[in-house]
Structures are given as C-alpha cells and as structure tokens.
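Structural overview for review
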Amino acid sequence: GIVVKQLKQIVCTSTREYGKHSVKINCVCILGNGNVAVCGDFPVIKIFDKTNMHCIMKYEGHKGPVNYLCNLGAEYFLSCSDDKTIIKWKIKNSISRFELALKLSSKFADKVVIDAHTDKVIQVIPWGEKCFASISLDCNLKFWDDGDIPQLKKPITISGVIFKAIIIVKNTMV
C-alpha cells in the first residue's frame, strides 16, 4: 500500500529579521546531521534544529555576506562569500560550554579558510566526498581537492561571468 506521511511545513521567506535589521536569505542547506543551515547578506551562518527549528548554533568566520552553502561528505559543509573566501566547516551537533566560553574563536572553530578568488565567490559545488568546484565573479572556475586544499588544476578562465552554471551528475561535470 501507499504510506502517506504528514510533513512539517516550514515557512521561509526571502528575508529574515535580525533585531532591527532585515537580511536577505541567499541559501538554505540540509546538513549531514539533518539540521538546517541558513546564510544570507550577513557574515553569519545560522543552524536550526531539525526537530523544532530553533536556532542552536552560529558559525562566524566570513567578513562579508555568505552566498552559498553545500555539504562536503557527511561531516563537513562549505560556505562561500563576498569576502572572496571559501570556508570548510566541521558539522557540530551542539556547542560545549568550553566553546561557548571561548566564543567560538577561530583557533577552536574547526574551520579551514581558503583564499579562493580575486572577487566574490558565488557558488561552491561538491564533487564527490573530498573535491569541490567554485565559481567567482573573477570569471574563474576552480577545482579543489580536500587533501590540504591544493588546487587540482589551474583555474579555467571563462570570458564573461558565470552564475551557477555547473551541474554535477555522478561525479561528472556537465
């Protein structure tokens, strides 16, 4: 027979209120642990609990608006920003009191900051479990290996600006 499940509806508008400020939402990503990551025109990524949609965590590290989020395997996610960087974050289930006391300083934040491009990075795309590609307004498409984050190839220079133009199908770029 057919099984029908009642799905919980979550209303997500294109803007989010932060105190007196209204911030545009750029991307929503379901993380490997099921929680929801949200980024926007603010340098903070907020994580919402999958069961009650309360904000349970904040990831801070970018110096400009965060444009895109994606999973990299089950334990990490990537973010890219107007600050020309990509950050690889370790997915955490909760924040310990020790981390809270340190205010998640970059020394203890389980993140890798990659100086990726010479202009805004608009999208990162996973390519298997350890590799990814990035697109920037500098007209470069770059491929990255998650070993120590060296580039796999020299950047492919594209004439003109590419906006979200890569599709990955079974680890093959089309």
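Up top is the structure.
Cut-offs and rules
Residues numbered from 1 in each chain as written. Predicted model: local features only at pLDDT ≥ 70, side-chain atom pairs only at ≥ 80, totals over all residues. Heavy atoms only, no water. Helix = DSSP H or I, 4+ residues; strand = E, 2+ residues; numbered from the N terminus. Buried < 20%, exposed > 50% of the residue type's maximum accessible area, 1.4 Å probe, protein only. Areas by Shrake-Rupley, 256 points an atom, 1.4 Å probe, with all protein chains shown as cover. Phe/Tyr/Trp six-rings, centres within 6.5 Å; stacked < 30°, edge-to-face > 60°. Lys NZ or Arg CZ within 6 Å of the ring centre and 35° of its normal. Pairing = 2+ DSSP bridges. Axes fitted to C-alpha atoms, helices over the stretch in contact; angles between N-to-C directions. Core = buried A, V, L, I, M, F, W, Y, C linked by side-chain atoms within 4.5 Å. Contact = heavy atoms within 4.5 Å. Lys, Arg positive; Asp, Glu negative; His and termini not counted. Salt bridge = Lys/Arg side-chain N within 4 Å of Asp/Glu carboxyl O. Polar contact = N/O pair within 3.5 Å; in protein donor to acceptor, adjacent residues only side chain to side chain.

1. Some words on the overall build of the protein chain
Along its length, the protein chain carries 1 helix and 15 strands. When burial is assessed residue by residue, the protein chain has 39% of its 174 residues classed as buried. In the structure as shown, the protein chain presents an accessible area of about 10600 Å², 55% of it carried by carbon and sulfur atoms.

2. Quick word on the packing of aromatic side chains
Enumeration over the complete set of coordinates arrives at 4 aromatic pairs. A centroid spacing of 5.1 Å and a plane angle of 75° characterise the contact between Tyr 59 and Trp 89, whose relative ring orientation is edge-to-face. Pair noted here: Tyr 59 is in strand 5 (residues 55–60) and Trp 89 is in strand 8 (residues 85–90), with a separation of 30 residues, a long-range link. Pair check on accessibility: Tyr 59 and Trp 89 agree, each one buried. Pairing Phe 132 with Trp 144 gives two aromatic rings, centres 6.2 Å apart and planes at 15°, and the pair type is stacked. Separated by 12 residues along the polypeptide, Phe 132 in strand 11 (residues 131–136) and Trp 144 in strand 12 (residues 140–145) bring together distant segments of the chain. Given the relative accessible area of 0%, Phe 132 is considered buried. According to the relative accessible area criterion, Trp 144 is buried, its value standing at 4%. An aromatic cluster is present here, built from Tyr 59, Phe 77 and Trp 89 joined pairwise through their rings. When the ring centre of Tyr 76 is taken as origin, the NZ or CZ atom of Lys 88, which lies over that ring, is 4.1 Å away.

3. Quick word on the sheet that holds strand 7 (residues 76–81)
With respect to topology, 4 strands assemble into an open sheet ordered 6-7-8-9, the strand pairing being antiparallel. The open sheet has two edge strands with one neighbour each: strand 6 (66–72) and strand 9 (111–115). When strand polarity is set aside, the average angle formed by the axes of neighbouring strands in this sheet is 20°. With 5 bridges joining them, strand 8 and strand 9 adopt antiparallel strand pairing.

4. Observations concerning the pairing of strand 8
Across the 6 residues of strand 8, 5 count as buried, placing the element largely inside the fold. The hairpin turn running from strand 7 into strand 8, its antiparallel successor, is 3 residues long, and Lys 84 in that turn takes a positive phi close to 75°.

5. As for the environment of Ile 114
By the element assignment, Ile 114 lies in strand 9. Overall, the relative accessible area of 5% leaves Ile 114 in the buried class. For the pair Ile 114 and Ile 87, spaced 27 residues apart in sequence, the C-alpha to C-alpha distance is 6.0 Å.

6. A closer look at the nonpolar core
Judged by nonpolar contacts, the single largest core of 15 residues is most densely connected at Leu 31, Ile 45, Ile 47, Tyr 59, Leu 69 and Phe 77. Sorting the residues of this core by element identifies strand 2 (21–30), strand 3 (36–40), strand 4 (42–48), strand 5, strand 6 and strand 8 as the ones contributing at least two each. If we ignore the near neighbours within four places in the chain, the residues touching Ile 45 are Ala 37, Val 38, Cys 39, Met 57, Lys 58, Tyr 59, Val 66, Leu 69, Phe 77, Ser 79 and Trp 89.

7. Describing the environment of Ala 116
Its location among the elements puts Ala 116 in the loop between strand 9 and strand 10 (121–127). A relative accessible area of 3% places Ala 116 in the buried class. When the C-alpha atoms of Ala 116 and Lys 84 are compared, they prove to be 6.2 Å apart, with 32 residues separating the residues in sequence.

8. Let's talk about the side chain of Asp 49
Within the element layout of this structure, Asp 49 appears in the loop between strand 4 and strand 5. For the buried Asp 49, which has no salt bridge, the nearest side chain bearing the opposite charge is Lys 50, at an N-O separation of 7.1 Å. Among the polar contacts made by the side chain of Asp 49, one reaches the side chain of Thr 51 at a distance of 2.2 Å. When neighbours within four sequence positions are excluded, Asp 49 is seen to be in contact with Asn 35, His 54 and Ile 56.

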